[in-house]
Amino acid sequence: MVDINLILAEHQTLETERLILRKLQLEDATEMFNYASNPEVVRYTSFEPHDSVETTKSTIANFFLPDGLNHWGIIEKTSGQLIGEIFLNIIKEKIVEFGWILNQNSWGKGYMPEAARCLFKLCFNELGIEVIQAEHLTENSKSGRVMEKLGMKHLGKVYSYFPKFKQPILTDYWAITKNEYTLLH
């Protein structure tokens, strides 16, 4: 049996051609605040824009650090800047969900598919995962395009409830199986 937590702990840092994925640190607060405070960046997330670096520090300390095995900061290699984060949530045995947030200045450069492919490889080749799934607010078509680029299949739409929006919001669901991934790679 695969010890998922052990493997995630052994992968503190992952690397792609243009990116370094590494575990988030409290020292990332200022760079994270740069995008977490941008209303356009957090428009489709479950949280409100951060109002201060202290809010970002608190988020890192109370959310990212305790659940640190599943979250990576995305560092752009040439600048050394934190441009976003990507995460995995273990849903049940052999199924994970992934999600991300990216600095608006980095949109449209192919960084998110690049970072996600790195995590897909880890999930399917080392963690023994059989299904990776993701969701996005239907209104956020850019996220859907990322999922298409990753070879994920659109499974349909359902209403989800996020306290931030105070009403049900239509959400698109996507998934890819290990077999589908293997055929693409």
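A. Geometry of the overall build of the protein chain. If you tally the helices and strands in the protein chain, you get six helices and eight strands. Counting from the amino terminus, the protein chain carries its helices and strands in the arrangement α-β-β-α-α-β-β-β-α-β-α-β-β-α. Since a compact globule built from 185 residues should have a radius of gyration of about 16 Å, the 16 Å found for the protein chain is in line with a globular shape. Expressed along its principal axes, the backbone C-alpha trace of the protein chain runs to roughly 45 × 40 × 30 Å. By residue count, 45% of the 185 residues in the protein chain fall in the buried class. Pairs at least 24 apart in sequence give 62% of the contacts found in the protein chain among residues at least 6 apart. Within the structure as shown, the protein chain displays about 9800 Å² of accessible surface, and the carbon and sulfur contribution to it stands at 52%. Charge centroids of the protein chain, computed over 19 positive and 24 negative side chains, lie 5 Å from each other.

B. Layout of the pattern of salt bridges. Following the criterion strictly, the structure yields eight salt bridges and no others. One salt bridge connects Glu15 with Lys77, and the closest N-O pair in it is separated by 2.7 Å. Of this pair, Glu15 sits in strand S1 (residues 13-15) while Lys77 sits in the loop between strand S3 (71-76) and strand S4 (81-92), and the two are 62 residues apart along the sequence. Note on Glu15: relative accessible area 54%, which makes it exposed. On the accessibility criterion, Lys77 (31% relative accessible area) is partly exposed. Here Arg43 makes a salt bridge to Glu139, at a shortest N to O gap of 2.8 Å. Here the residue Arg43 occupies a position in the loop between helix H2 (29-36) and helix H3 (53-64), and Glu139 occupies one in the loop between strand S6 (131-137) and helix H5 (141-149), the gap between them amounting to 96 residues. Given a relative accessible area of 36%, Arg43 falls into the partly exposed group. Overall, the relative accessible area of 53% leaves Glu139 in the exposed class. Beyond isolated ion pairs, a larger network of salt bridges with shared partners links Glu40, Arg43 and Glu139.

About the criteria used
Residues numbered from 1 in each chain as written. Predicted model: local features only at pLDDT ≥ 70, side-chain atom pairs only at ≥ 80, totals over all residues. Heavy atoms only, no water. Helix = DSSP H or I, 4+ residues; strand = E, 2+ residues; numbered from the N terminus. Rg over C-alpha atoms; globule rule 2.2 N^0.38 Å. Buried < 20%, exposed > 50% of the residue type's maximum accessible area, 1.4 Å probe, protein only. Contact = heavy atoms within 4.5 Å. Areas by Shrake-Rupley, 256 points an atom, 1.4 Å probe, with all protein chains shown as cover. Lys, Arg positive; Asp, Glu negative; His and termini not counted. Charge placed at Lys NZ, Arg CZ, Asp CG, Glu CD. Salt bridge = Lys/Arg side-chain N within 4 Å of Asp/Glu carboxyl O.

Honestly, it's all geometry; don't read function into it.
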